[in-house]
Amino acid sequence: MTAVQINTMNIELWQSIGAIADSEPLMRRLTRYAKKLVKEREEDPTLMTKKEFFQMIDDAKQEINEGKGHRFASVEELDRYIRSL
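Definitions and cut-offs
Residues numbered from 1 in each chain as written. Predicted model: local features only at pLDDT ≥ 70, side-chain atom pairs only at ≥ 80, totals over all residues. Heavy atoms only, no water. Helix = DSSP H or I, 4+ residues; strand = E, 2+ residues; numbered from the N terminus. Rg over C-alpha atoms; globule rule 2.2 N^0.38 Å. Buried < 20%, exposed > 50% of the residue type's maximum accessible area, 1.4 Å probe, protein only. Areas by Shrake-Rupley, 256 points an atom, 1.4 Å probe, with all protein chains shown as cover. Salt bridge = Lys/Arg side-chain N within 4 Å of Asp/Glu carboxyl O. pLDDT = per-residue confidence, 0-100. Phe/Tyr/Trp six-rings, centres within 6.5 Å; stacked < 30°, edge-to-face > 60°.

Next up on the list: the overall build of the chain. Secondary structure summary: the chain contains four helices and zero strands in total. Listing each helix as α and each strand as β along the chain from the N terminus yields α-α-α-α. Against the globule reference of 12 Å for 85 residues, the chain gives a C-alpha radius of gyration of 22 Å, more extended than a compact globule. The principal-axis extents of the C-alpha atoms in the chain amount to approximately 65 × 25 × 25 Å. With 85 residues in all, the chain has 2% of them scored as buried. Carbon and sulfur atoms form 57% of the exposed surface of the chain, whose accessible area is close to 8,100 Å².

Let us now look at the pattern of salt bridges. Counted by the stated rule, this structure contains two salt bridges. Salt-bridge contacts for glutamate 24 lead to arginine 28; the nearest nitrogen and oxygen are separated by 2.5 Å. Linking glutamate 24 with arginine 28, this pair stays in helix α2 (residues 24-43), spanning four residues, or about one helical turn. The exposure class assigned to glutamate 24 is exposed, which follows from its relative accessible area of 56%. When the shortest N-O distance is used, the salt bridge between lysine 68 and glutamate 66 registers 3.2 Å.

A word on the confidence of the model for the chain. Per-residue pLDDT for the chain has a mean of 90; in total, 100% of the residues score no lower than 70. When the elements of the chain are averaged for pLDDT, helix α3 (residues 50-65) gives the smallest value, 90, and helix α1 (residues 3-20) the largest, 94.

Scanning the entire structure with this criterion turns up two aromatic pairs. A centroid spacing of 5.2 Å and a plane angle of 75 degrees characterise the contact between phenylalanine 53 and phenylalanine 54, whose relative ring orientation is edge-to-face. Its relative accessible area of 37% is what places phenylalanine 53 among the partly exposed residues. The class of phenylalanine 54 is partly exposed, set by a relative accessible area of 42%.

Right under this line is the structure:
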């Protein structure tokens, strides 16, 4: 998603919040839904910090250097390996 798209989405979100801000029941529902979304994001096991991501890459490089990993010359070679698993 581009910066312009993100900015447009942010503007639309704030305009929508402004349109319902004077309605306590709607704001209550919005707050509950936002909390639900935050909880979903926190529970995502695939999310990792930047530090964790780069540590994973460093670990993989170390395994390759120790002869424990795999090195692929092309994407096609990687695809063949994955399909053989």
